[in-house]
Amino acid sequence: MKRQLLSLLVQLCLLLAVVPLVSAFGISPGKTTIQFIPNGIDRGEVHVFNTENRPLDLVALPSGELEPYITLHDPLVHLSPGDSHTFTYTLRQPASFAEPG
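Keep in mind that this is a model prediction, so the values were computed, not measured. (Residues numbered from 1 in each chain as written. Predicted model: local features only at pLDDT ≥ 70, side-chain atom pairs only at ≥ 80, totals over all residues. Heavy atoms only, no water.)

Considering a nonpolar patch on the surface
Among the surface-exposed residues, Val59, Leu61 and Leu76 lie close enough to one another that they form a single nonpolar patch of about 350 Å² accessible area. Along the chain, leucine 61 falls in the loop between β3 (56-59) and β4 (70-73). Since its relative accessible area comes to 68%, leucine 61 is described here as exposed. (Patch = residues over 30% accessible without salt bridge, like charges linked within 9 Å, V, L, I, M, F, W, Y side chains within 5 Å. Areas by Shrake-Rupley, 256 points an atom, 1.4 Å probe, with all protein chains shown as cover. Salt bridge = Lys/Arg side-chain N within 4 Å of Asp/Glu carboxyl O. Helix = DSSP H or I, 4+ residues; strand = E, 2+ residues; numbered from the N terminus. Buried < 20%, exposed > 50% of the residue type's maximum accessible area, 1.4 Å probe, protein only.)

With respect to the pairing of β3
In β3, alternate side chains face the same way, and those of Leu56 and Leu58 are buried while those of Asp57 and Val59 on the opposite face are not. Relative to strand β5 (residues 76-79), β3 runs antiparallel, the two being bridged by four bridges. For aspartate 57, the partnering residue across the bridge sits in β5 and is histidine 78. (Pairing = 2+ DSSP bridges.)

Thoughts on the pattern of salt bridges
Scanning the model with the defined rule gives one salt bridge in all. The partner of glutamate 52 in a salt bridge is arginine 54, and the shortest N-O contact between them spans 3.3 Å. Given the relative accessible area of 18%, glutamate 52 is considered buried. The exposure class assigned to arginine 54 is partly exposed, which follows from its relative accessible area of 33%.

Examining the confidence of the model for the chain
For the chain, the mean per-residue pLDDT works out to 77, and 70% of the residues sit at or above 70. Per-element confidence in the chain is highest for strand β6 (residues 84-92), whose mean pLDDT is 91, and lowest for helix α1 (residues 2-18), whose mean pLDDT is 52. When the criterion is pLDDT under 50, residues 13-22 qualifies, and its contacts beyond four places in sequence or with other chains add up to three contacts. (pLDDT = per-residue confidence, 0-100. Contact = heavy atoms within 4.5 Å.)

Written as structure tokens, this is what we have:
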């Protein structure tokens, strides 16, 4: 019983130590679906909201299979508490994708 209580206390202390290191911000839209058109060009927006009570510096970086085809316009932003920002991007779709597998 003492061992379980001690373990719980240590876990609680670790949780309290980690919580201030986590930043909170919202992203909208959560998911975007784009129709694939070979060599097509799409432009879009991603909105971020600072829900922290402190300023945040954010850098938007593309990742994944389409990373080489995405251009972000002004990817670095400073957000004051409660502020929001809209990142704009251009997706230049590839001519084709490799077959899966």
